[in-house]
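An overview of the molecular structure
Residues per chain, in single letters:
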Amino acid sequence: MKRAIRSGAIPAVLAVLLGGLPGQGEGLQKPAQPDVAERLVAEMLAAEQRLRSVRIELSTASHFPGDTDIVTAGTLHVLRGEQPKRRVAVRMEFGNGLVATMDSVETDGGVTIYKDDPAFGEVFLRVPPAIVTDLRWAGEVLDRSDLPGMRDARADAPLGSALLDGLRREFALAPSERAERGGERGTWLAGKRRPGIGEADAELPLADRVELFVRASDHALLEVKQFRGDEVILAIDVAALVVDADIPETTWRLDGRGQTLREIEKYVPLWSQIQDVIRQAERKLAPADAPEGAEPPPESLRPSKRGK
């Protein structure tokens, strides 16, 4: 399951819990000639640069090998500017009936998290800014986005440019005859998997074709379906996407649902995972030929250790 999640079977708006983007595996090659999908990505990127805020509501349905199904519902708030903020709320329902929820707020004061899962129950946590900085660094070194504070590609590209860019490299996309979705004008793209792309990853239910919709009014990617034969193995549906609306200040105040706020160091399950990931990043950057006992170069250390 971890491999399926890391490979992007679940969309990036859930990155705080799951991480990954479809179509960003190794070996993806850029199409040789400009096409409609490439033009749409450029338009989306330009529109994303102008955004000051965005609110997204979406749902996903994913099917993994072994009859493992995951249905999610998520809401993302992003505020840009001098004091950027982000809130991600997610509810995940597994095929066996288990349910997990997670709600997190990231500001310049760090990350606050409420989570409730079948394994550990409810918990209310705070990750201080220094640890958030370390995690963001580690996420970039290891190309991960599944822990609090790591980069969230959907928050960075809220209209879906990164997702579409990955899909166009993985599938040979072309416009279809349809030109609207639910009464809204836009572009439908569809295509089959490019030969040789992703075929070595036998652990995933590899889609052989995809179809998606980009809304014309704001260049937002609102729907994606990946198919294996006639079966939908991944469906992403954006129910609402609103740009540049005022976000109430109360959005950035997280309710602990009666739980006492704990510092992350006192919550062993997540703290151990955070430390392991940061150490992995340090080991990856450490010189292989360094003499035993030598001080590691500053650039191989987590940001909070540099200069100490």
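Right, let's walk through the structure included here. Model, not experiment: these values are computed from the prediction. (Residues numbered from 1 in each chain as written. Predicted model: local features only at pLDDT ≥ 70, side-chain atom pairs only at ≥ 80, totals over all residues. Heavy atoms only, no water.)

1. Observations regarding the packing of aromatic side chains
Geometry of an aromatic ring pair is reported as the spacing of the ring centres plus the angle between the planes. Here is the rule: Aromatic pairing here means that ring centres of Phe, Tyr or Trp (its six-membered ring) are within 6.5 Å. Orientation follows from the plane angle: under 30 degrees is stacked, over 60 is edge-to-face, and everything else is tilted. Labels follow the DSSP assignment, with helices taken as runs of H or I lasting at least four residues and strands as runs of E lasting at least two, numbered in each case from the N terminus. Buried residues are those whose accessible area, probed at 1.4 Å on protein chains only, stays under 20% of the maximum for their type, while exposed residues exceed 50% and partly exposed ones sit between those limits. Any Lys NZ or Arg CZ found within 6 Å of a ring centre and within 35 degrees of that ring's normal is scored as a charge over the ring.
Summed over the entire model, instances satisfying the criterion amount to 2 aromatic pairs. Pairing F120 with Y267 gives two aromatic rings, centres 6.4 Å apart and planes at 75°, and the pair type is edge-to-face. Here the residue F120 occupies a position in the loop between β5 (110-117) and β6 (121-127), and Y267 occupies one in the loop between β13 (261-263) and α6 (268-285), the gap between them amounting to 147 residues. Among the residues examined, Y267 registers a relative accessible area of 6% and is labelled buried. Between W188 and F213, the ring centres sit 5.2 Å apart and the planes meet at 50°, which makes this aromatic pair tilted. Pair noted here: W188 is in strand β9 (residues 184-192) and F213 is in strand β10 (residues 209-215), with a separation of 25 residues, a long-range link. The residue whose ring lies beneath R209 is F227, and the NZ or CZ to ring-centre distance is 3.9 Å. Positioned above the aromatic ring of Y114, the side-chain terminus of R257 is 4.1 Å from the ring centre.

2. A short note on the packing of helix α2 (residues 36-50) against helix α5 (residues 161-170)
For clarity, the threshold we go by: Note on geometry: axes are C-alpha line fits, over the in-contact stretch for helices, and angles between N-to-C directions span 0 to 180 degrees. Roughly parallel here means an angle under 35 degrees, roughly antiparallel means over 145, roughly perpendicular means 65 to 115, and every remaining angle is called oblique. A clockwise turn of the near helix away from the far one marks a right-handed crossing, whereas an anticlockwise turn of less than a right angle marks a left-handed crossing. Throughout, a residue-residue contact means that at least one pair of heavy atoms, one from each residue, lies within 4.5 Å.
Contact geometry of α2 with α5 gives a least axis separation of 9 Å together with a crossing angle of 165°. If you check the angle between α2 and α5, you find them roughly antiparallel. Classified by chirality, the crossing of α5 by α2 is left-handed. Together, A37, E38, L40, V41, M44, L45 and E48 of α2 and S161, L164, D165 and R168 of α5 make up the contact between the two elements.

3. A word on the nonpolar core
For the record, the criterion: Residues belong to one nonpolar core when they are buried, are Ala, Val, Leu, Ile, Met, Phe, Trp, Tyr or Cys, and are joined through side-chain atoms within 4.5 Å.
In this structure, I113, L125, V127, I264, L270 and I274 are the most contacted members of the largest nonpolar core, which totals 23 residues. Listed by contribution, the elements that provide at least two residues to this core are β5, β6, α3 (129-142) and α6. For this core, the element with the most residues is α3, which contributes 7 residues. With residues near it in sequence (within four places) discarded, I264 still touches L125, R126, V127, P128, L270, W271 and I274. Counting residues in each nonpolar core, the second largest holds 20 residues, with L58, F64, L76 and V238 among its members.

4. Looking at the environment of R126
Within the element layout of this structure, R126 appears in strand β6. For the pair R126 and G109, spaced 17 residues apart in sequence, the C-alpha to C-alpha distance is 9.4 Å. Other than its neighbours up to four places away in sequence, R126 contacts G109, V111, L261, R262, E263 and I264.

5. Observations regarding the pattern of salt bridges
As a reminder, the rule being used: The salt bridge definition used is simple: a Lys or Arg side-chain nitrogen within 4 Å of an Asp or Glu carboxyl oxygen.
Tallied over the entire structure, the rule returns 24 salt bridges. Linking R86 and E106 is a salt bridge whose minimum nitrogen-to-oxygen distance equals 2.7 Å. Taken together, the residues span a long stretch of sequence, with R86 in strand β3 (residues 85-94) and E106 in strand β4 (residues 99-107) at a distance of 20 residues. Owing to a relative accessible area of 9%, R86 belongs among the buried residues under this scheme. Residues R215 and D218 are paired through a salt bridge, measuring 2.6 Å at the closest nitrogen-oxygen approach. For D218, a relative accessible area of 15% gives the class buried. In this structure, a network of salt bridges that share partners links the residues R86, E106 and R136.

6. Observations concerning α6
Heads up, the rule is: To estimate how far a helix should reach, multiply one less than its number of residues by 1.5 Å. As used here, the arc belongs to the directions running from the helix axis to the C-beta atoms.
Along its 18 residues, α6 runs 26 Å from first to last C-alpha, staying within 8% of the 26 Å computed at 1.5 Å per residue. Among the residues making up α6, those that are buried are L270, W271, I274, Q275, V277, I278, A281 and E282. One side of α6 holds all its buried residues, which, seen down the axis, span an arc of 160°. In α6, those exposed residues whose orientation departs by more than 90 degrees from the buried face are V268, R283 and K284. Packing partners of the buried residues in α6 comprise β5, β6 and α3.

Nothing here speaks to function; it is all geometry.
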